[in-house]
Each structure stands twice: as C-alpha cells, then as structure tokens.
Amino acid sequence: MELVIEHLSKTYPNGTRALHDVSLQIAPGMFGLLGPNGAGKSSLMRTISTLQEADSGSIRLGEIDVLRQPEHVRQVLGYLPQEFGVYPKVSAAELLEHFAVLKGISNKSERRQVVDALLHQTNLWEARNKNLGGYSGGMKQRFGIAQALLGDPKLIIVDEPTAGLDPTERNRFHNLLAEIGEDRIVILSTHIVSDVSDLCRQFAIINKGQVLYTGDPLVAIEEM
Ligand code: ADP
Ligand code: ADP
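Note on numbering: residues in each chain are counted from 1, in written sequence order. All chains are assigned letters beginning with A, and all ligands numbers beginning with 1, in the order in which they are written. Totals for whole chains, interfaces and linings use all residues, but because this is a predicted model, local features are given only for residues with pLDDT of at least 70 and pairs of side-chain atoms are given and counted only at 80 or more. By convention in this description, side-chain values take in all heavy atoms of the structure and omit both hydrogens and water.

S.K.: Tell me about the site of ligand 2, and name the residues and values.
M.R.: Each residue is tested against the molecule or strand, and it is near if at least one of its non-hydrogen atoms lies within 4 Å. Ligand 2 sits among Asn14, Ser42, Arg46 and Gln82. Take Ser42: an N or O atom from its side chain is 2.4 Å from an oxygen atom of ligand 2. Arg46 places a polar side-chain atom, nitrogen or oxygen, 3.3 Å from an oxygen atom of ligand 2. For the accessible areas, the method is Shrake-Rupley and the probe is 1.4 Å, while residue cover comes only from the protein chains on display. In the complex, the protein chains occlude 31% of the 540 Å² of accessible area that ligand 2 would expose alone. Any N or O atom pair separated by 3.5 Å or less is treated as a polar contact, with the protein-specific requirement of one donor-capable and one acceptor-capable atom, and with residues adjacent in sequence counted only for side-chain atom pairs.

S.K.: Quick rundown of the site of ligand 1? Include the residues and the values.
M.R.: Taken together, 13 residues form the shell around ligand 1, and within it Gly38, Gly40, Lys41, Ser42 and Ser43 come nearest. Here an oxygen atom of ligand 1 sits 2.9 Å away from a polar atom, N or O, in the main chain of Lys41. Backbone polar atom of Ser42 to an oxygen atom of ligand 1: 2.7 Å apart, as the coordinates give it. Ranked by residues supplied to the shell around ligand 1, first place goes to helix H1 (residues 41-48) with four residues. Only DSSP runs of H or I with at least four residues qualify as helices, and only runs of E with at least two residues qualify as strands; both kinds are numbered from the N terminus onward.

S.K.: Account for the sheet that holds strand E8 (residues 185-190), naming residues and giving values.
M.R.: In this scheme, strands are said to pair when DSSP sees at least two bridges between them. Pairing is mixed across the open sheet formed by six strands, whose spatial order is E6-E7-E8-E3-E9-E10. In the strand order of this sheet, the two ends are held by strand E6 (77-80) and strand E10 (210-215), each with one partner. Sheet twist, expressed as the average angle between the axes of neighbouring strands with direction ignored, equals 15°. Sheet analysis places strand E7 (residues 155-159) next to E8, joined by five bridges and oriented parallel. Bridging across to E8, Ile156 finds its partner in Val186. Between the N-to-C directions of two axes lies an angle of 0 to 180 degrees, each axis being a line fitted to C-alpha atoms and, for a helix, fitted only over the stretch in contact.

S.K.: Go over the pattern of salt bridges, please, and point to the residues and values.
M.R.: Just to be clear on terms, a salt bridge is a Lys or Arg side-chain nitrogen sitting within 4 Å of an Asp or Glu carboxyl oxygen. For the structure shown, the criterion picks out ten salt bridges. Of the charged contacts, one joins Arg68 and Asp65 as a salt bridge, the two residues approaching to 3.1 Å between their closest N and O atoms. Only protein chains enter the area calculation, which uses a 1.4 Å probe; residues under 20% of their type maximum are buried, those over 50% are exposed, and those in between are partly exposed. Overall, Arg68 belongs to the exposed group, its relative accessible area being 69%. Taken together, the shared-partner salt bridges in this structure form one network comprising Asp152, Lys154, Asp183 and Arg184.

S.K.: With reference to specific residues and values, describe the pairing of strand E9 (residues 202-207).
M.R.: In the sheet, strand E3 (residues 29-34) pairs with E9 via four bridges, with the strands oriented parallel. Bridged to Phe31 within E9 is Gln202. Across five bridges, E9 lies against E10 in antiparallel orientation. If you follow Ala204 over to E10, its bridge partner there is Thr214.

S.K.: Outline unusual backbone geometry, listing residues and values.
M.R.: Note: most residues except glycine have negative phi, and most peptide bonds are trans. Residue Asp152 is not a glycine yet carries a positive backbone phi of 50°. If you trace the backbone, Asp152 turns up in the loop between helix H5 (137-149) and E7. Classification of Asp152 as partly exposed rests on a relative accessible area of 45%. In this model, Glu160 sits at a positive phi of 45°, which is unusual for a non-glycine residue. The residue Glu160 is located in the loop between E7 and helix H6 (167-180) in this model.

S.K.: Just give me the short version of helix H3 (residues 92-102), but keep the residues and values in it.
M.R.: Listed in full, the buried residues belonging to H3 are Ala92, Ala93, Leu95, Leu96, Phe99 and Ala100. One side of H3 holds all its buried residues, which, seen down the axis, span an arc of 165°. Of the surrounding secondary structure, the elements contacted by the buried residues of H3 are helix H4 (108-121) and H5. This arc is built from the directions going out from the helix axis to the C-beta atoms. For this analysis, residues touch if any pair of their heavy atoms sits within 4.5 Å.

See the structure below:
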C-alpha cells in the first residue's frame, strides 16, 4: 500500500499559507518529514490524518481517497500527535484496554492478548499497572505508540516524537519505530536531522509549506 499526495495546498483563514502544492509518494517503511518549526509538517500530518481539510489536491492511501473517505482512513490509521494528553489516574493497561474496546476488539480474551502484546512490545509491561501520571516523557511516548498500534494500522503518523527525550529514551524510541516500520508506512515528522538519518530510507525536506527535496537521507548527506 502506498500513500500518494498530489498538489496539496492549504491556506489558513488568517492568510497563512501552510502547504503549497505538496506532492509526495510514500512506500511502506519509515518516511522522514524534515523541516524547521513552522514549515508545515503538522499541517500536512493533520491533513493526512483527516483532522483538517485541504483547499486543493488529493491524497490516496492504496485504494482509499483520503480527503473524501475520512472514515475509511481512520480504520487503518494510527496517529501519535506531538503533545497528546494522557489520563493521569489510570494505568497503561487499563487505558489500552479501554481504547481496544473503542477500536472494536470486542472479544475479551483477544483484547487481553492484543493489549499484553503491545505492552511487551513497547517495553511497558513492568510498568503496566502504574498510573500514567507517574510515567516519564519517554514512557508516555511509548504508551502513545502502543495506543497508535491498536488495530494493526497500515499507516502510522508520529509528530515530533523525540523532542524532550533523553538520549537513552530516544534510542529506545528509535528502535521501537524501526521495528514497527518494517511492515507498514510510518511517517516521522521531525526537525532533528539524526532522527531521519538514523531511521529512514526515504525522506522529504519541507519548508514554508513546500517540498524542497525528496530522496534517501544517506545519499543526500553524501551529496552535501
Ligand atoms: P510545523 O509543524 O512544521 O511547525 P505547522 O504546520 O504547525 O508547521 O505550521 C505551518 C504554518 O502555519 C506556521 O506558520 C503556523 O504558524 C501556521 N499555522 C498552523 N496552524 C495554524 C492555524 N490553525 N491557523 C493559522 N495558522 C496556522
Ligand atoms: P507545531 O509545533 O507542530 O508547529 P504549532 O505550535 O504551530 O504546532 O501549533 C499548535 C496549535 O496551534 C495547532 O493546533 C495549530 O493549529 C495552532 N496554531 C499554530 N499557529 C497558529 C496561528 N498562527 N494561528 C492560529 N492557530 C495556530
């Protein structure tokens, strides 16, 4: 399944042009979207995630027309926003269980299996019964990934995930992303070059709402 973005543009009501004629073709694996603050990364991520509309252009995910079939996209999408709130007084296990119900995993033993597997995968098993309010930044991010992975989505969008993580947590998070990027599209939005060069075989540089470069980060670095 490929994600194909063509001629996407978006200007906010106050006149800020956030996206201008953006076209990208994204294959399964980790894709890095690199750009400074204000480049338009979040606007693009929110548009792909169907959280906001575009003015013109198209987005196709496999057979799905993303802008016209938002409800189809939501069934195959996992989204980890830049700053997501966690409910401080519930445990990771409880909240994941709750989200699994919302995802429609109605069989209790199946749900248990899925939740337990995700807690193991994200290295949160030991801390599963701790309240989320006591989690570190890195643990919260990993919990966000566990949540995003529910329902086995074909596309995962991760917005500025490593900002504020210490090097150990950042490494751990990178390893987790590399693992989940093996068999789906993972789009990693970041302003940190090494997030992209460590993890992604395809990337785009975006600034002022425009795509300036697409390619393989290792090739790009050699060319510089
Ligand atoms: P990035 O995620 O790369 O930092 P954004 O997509 O958040 O970039 O922002 C792109 C531009 O659009 C910035 O100039 C930002 O201030 C502006 N912008 C973002 N969201 C809105 C909004 N809801 N209304 C008006 N301007 C916005
Ligand atoms: P990012 O850190 O990803 O660039 P922003 O700080 O630009 O995100 O945006 C945070 C929130 O504020 C978003 O919901 C965005 O839509 C909104 N926002 C950003 N810039 C503006 C703006 N100039 N006018 C109105 N809302 C904005």
